[in-house]
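Here is how the chains run, residue by residue.
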Amino acid sequence: MDSGISATDDRVAADRPTLDRIFEPASIAVLGASADPAKRGDQIVRALTESDFAGHVYPVNPRGGELLGLAMVTSVEELPDGVDLAVLCTPAESAPDLVRACGARGLAGVVVLAVGFGESGMAGRELEERLGAAARDAGVRVIGPNTSGLLNLERGVNLVGARDVRAGGMAVLVQSGNMALALMTEVTERSWDGISISLGVGNELDLGFAEALGYLEGHEETRAVLAYVEGLRDA
């Protein structure tokens with residue numbers, strides 16, 4: 001794992017398809033990074049460190065400083081060019097503005113972990129509409145909101161916090177974070193196979209089951225897909 005970026009990363013990022021930059025990122029920004037072990041902003045950075053993610057990790061916190069040996073970036077605007085993916089470990093209300101900022105820096109996608117959107121009543125639905133408008137205006141793809149995150153074991157991309165999961169050829173697509181962990185545990189403990197990619201689609205504001213399945217069809221490490229589906233928006 002590295003906290004630097006080379007002069008060519010900007011051009012490389014621009015040449016890669018958007019979904020490749022999301023599912024197989026070469027660089028990840030963790031917005032709302034924190035030194036508090038109880039917060040997702042610490043857990044995500046720690047999980048990337050422990051997963052031996054080979055790319056660049058940028059913890060983002062206005063206070064600056066250092067986290068797990070990585071220099072903090074004080075704002076999205078201070079990120080270098082060419083960062084592929086951001087994960088938001090921040091309150092729901094901050095998501096629209098942060099997504100716009102990520103778009104201005106050329107990020108391909110944003111994983112929105114927070115709850116408090118369409119699943120939580122009228123105010124949440126209005127906030128989700130604002131998030132969708134921000135993503136469209138900024139040209140940024142969104143996973144979530146209300147998502148369990150993204151896992152790509154071959155690439156060391158652990159935005160789920162999963163532990164003791166074996167890499168293999170089974171992909172997992174779910175709407176429930178608890179179900180994702182249960183399926184990954186079952187595959188690891190009760191089969192010879194392991195997990196390639198796990199994606200929690202959450203509220204499916206943008207990237208959902210249909211597009212994820214299309215991507216996995218051409219994903220070299222994936223041989224089969226396990227899906228837990230509560231409803232399909234695009235059957």
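This text follows the structure it describes.
Residues numbered from 1 in each chain as written. Predicted model: local features only at pLDDT ≥ 70, side-chain atom pairs only at ≥ 80, totals over all residues. Heavy atoms only, no water.

Let's shift gears to the pattern of salt bridges. For the coordinates displayed, the defined rule picks out eleven salt bridges. Ionic pairing is found between Asp84 and Arg21, a salt bridge with its closest N-O pair at 2.6 Å. Taken together, the residues span a long stretch of sequence, with Asp84 in the loop between β4 (70-71) and β5 (85-88) and Arg21 in helix α2 (residues 18-23) at a distance of 63 residues. Across the pair, Arg21 and Asp84 agree in class, each one buried. Across the pair Arg100 and Asp137 runs a salt bridge whose closest N-O atoms are separated by 3.2 Å. Remark: Asp137 occurs in helix α5 (residues 122-138) and Arg100 occurs in helix α4 (residues 95-104); sequence separation between them is 37 residues. Taking relative accessible area as the criterion, Asp137 reaches 58% and is therefore assigned exposed. Beyond isolated ion pairs, a larger network of salt bridges with shared partners links Glu24, Arg155 and Glu221. (Salt bridge = Lys/Arg side-chain N within 4 Å of Asp/Glu carboxyl O. Helix = DSSP H or I, 4+ residues; strand = E, 2+ residues; numbered from the N terminus. Buried < 20%, exposed > 50% of the residue type's maximum accessible area, 1.4 Å probe, protein only.)

Attention shifts here to the packing of aromatic side chains. Counted under the stated rule, the structure contains one aromatic pair. Where Phe23 meets Tyr215, the ring centres are 4.5 Å apart and the plane angle is 15°; that geometry is what we call stacked. Here Tyr215 lies in helix α7 (residues 209-217) and Phe23 lies in helix α2, a separation of 192 residues in the sequence. Judged by relative accessible area, Phe23 falls into the buried class, the value being 1%. (Phe/Tyr/Trp six-rings, centres within 6.5 Å; stacked < 30°, edge-to-face > 60°.)

Turning to the pairing of strand β2 (residues 56-60), a few remarks are in order. Along β2, five of the five residues are buried, which leaves the element largely enclosed by surrounding structure. Side chains His56, Tyr58 and Val60 of β2 all project onto a buried face; the interleaved residues Val57 and Pro59 project onto the opposite face, where all are buried too. With respect to chirality, the unit in which strand β1 (residues 27-31) leads through helix α3 (residues 40-50) into the neighbouring parallel β2 is right-handed. (Right-handed = clockwise from strand over helix to strand, strands pointing away.)

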